[in-house]
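# Structural features, examined
The chain contents come next:
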Amino acid sequence: MNESHPGLREWWEVPFRPVKITGIIQHEIGTPNKDGKYSVSFAIAPAASRNWEDLLMAEWSRRQAGNGGPGISVSSEEAKITLFPTTVEDIRDEYLQALKDAVDVTNQKEERIRADYMAQKETKDDAAARRKRDISAVIAELDFS
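This is a predicted model, so every value here is computed, not measured.

A few words on unusual backbone geometry. Phi is mostly negative for residues that are not glycine, and the peptide bonds are mostly trans. A cis amide bond, omega -10°, links Ala45 with the succeeding residue Pro46. Following the sequence through the fold, Pro46 ends up in the loop between strand E2 (38–45) and helix H1 (50–64). At Ala79, a position not held by glycine, the phi torsion is positive, near 50°. Position of Ala79 among the secondary structure elements: in the loop between strand E3 (71–75) and strand E4 (80–86).

Now the structure itself:
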């Protein structure tokens with residue numbers, strides 16, 4: 001538990017559920033710029049962690065490097081991913097599969113990071129418990145009479 005805010009749990013303490021794209025948020029399609037491009041938002045479920053957001057933005061940037069593809073923003077509060085500038089035609093023809101693949105890779109990375117963190121935490125907790133037992137054993141041997 002988060003000690004400064006009892007009841008709040010850290011991201012790795014919440015069971016991981018893979019994020020999925022559930023559709024386009026049609027009423028949020030932006031106004032076209034002079035090139036006829038606009039922002040397109042996708043609904044996601046469940047809402048992502050901040051760590052997941054960062055991983056997805058990095059994965060998208062890696063995939064689009066030198067490609068001239070749209071930028072990306074991710075909001076866990078609003079449970080959405082936004083590509084900009086683009087069009088729904090570009091999404092259909094070029095970016096939907098790339099975005100789905102980036103989400104899948106991000107889910108795998110998030111799951112791996114959580115597993116690694118929990119393994120390290122368990123090792124650290126085991127070492128701390130072992131240290132406390134060792135100290136208790138030494139203290140029990142001391143004779144203060």
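Bringing the pairing of E3 into the picture now. Where E3 and E4 come together, 5 bridges link them in antiparallel fashion. Among the inter-strand pairings, Ile72 is bridged to a residue of E4, identified as Leu83. Here E3 folds back onto E4 in antiparallel fashion, the turn holding 4 residues, of which Ala79 has a positive phi close to 50°.

As a further point, take the pattern of salt bridges. By the definition in use, this model includes 10 salt bridges. A salt bridge links Glu77 to Arg50, with the shortest nitrogen-to-oxygen separation between them at 2.1 Å. A residue pair is termed long-range when its members are at least 10 positions apart, and Glu77 in the loop between E3 and E4 and Arg50 in helix H1 qualify at 27 residues. Counted as one network, the salt bridges with shared partners bring together Glu59, Arg62, Arg63 and Lys109.

Attention shifts here to the side chain of Gln64. On the secondary structure map, Gln64 appears in helix H1. You can call Gln64 buried: its relative accessible area is 10%. Dropping the residues within four chain positions of it, Gln64 is found in contact with Gly69, Pro70, Tyr95 and Ala98.

Basis of the calculations
- Residues numbered from 1 in each chain as written.
- Predicted model: local features only at pLDDT ≥ 70, side-chain atom pairs only at ≥ 80, totals over all residues.
- Heavy atoms only, no water.
- Helix = DSSP H or I, 4+ residues; strand = E, 2+ residues; numbered from the N terminus.
- Pairing = 2+ DSSP bridges.
- Salt bridge = Lys/Arg side-chain N within 4 Å of Asp/Glu carboxyl O.
- Buried < 20%, exposed > 50% of the residue type's maximum accessible area, 1.4 Å probe, protein only.
- Contact = heavy atoms within 4.5 Å.

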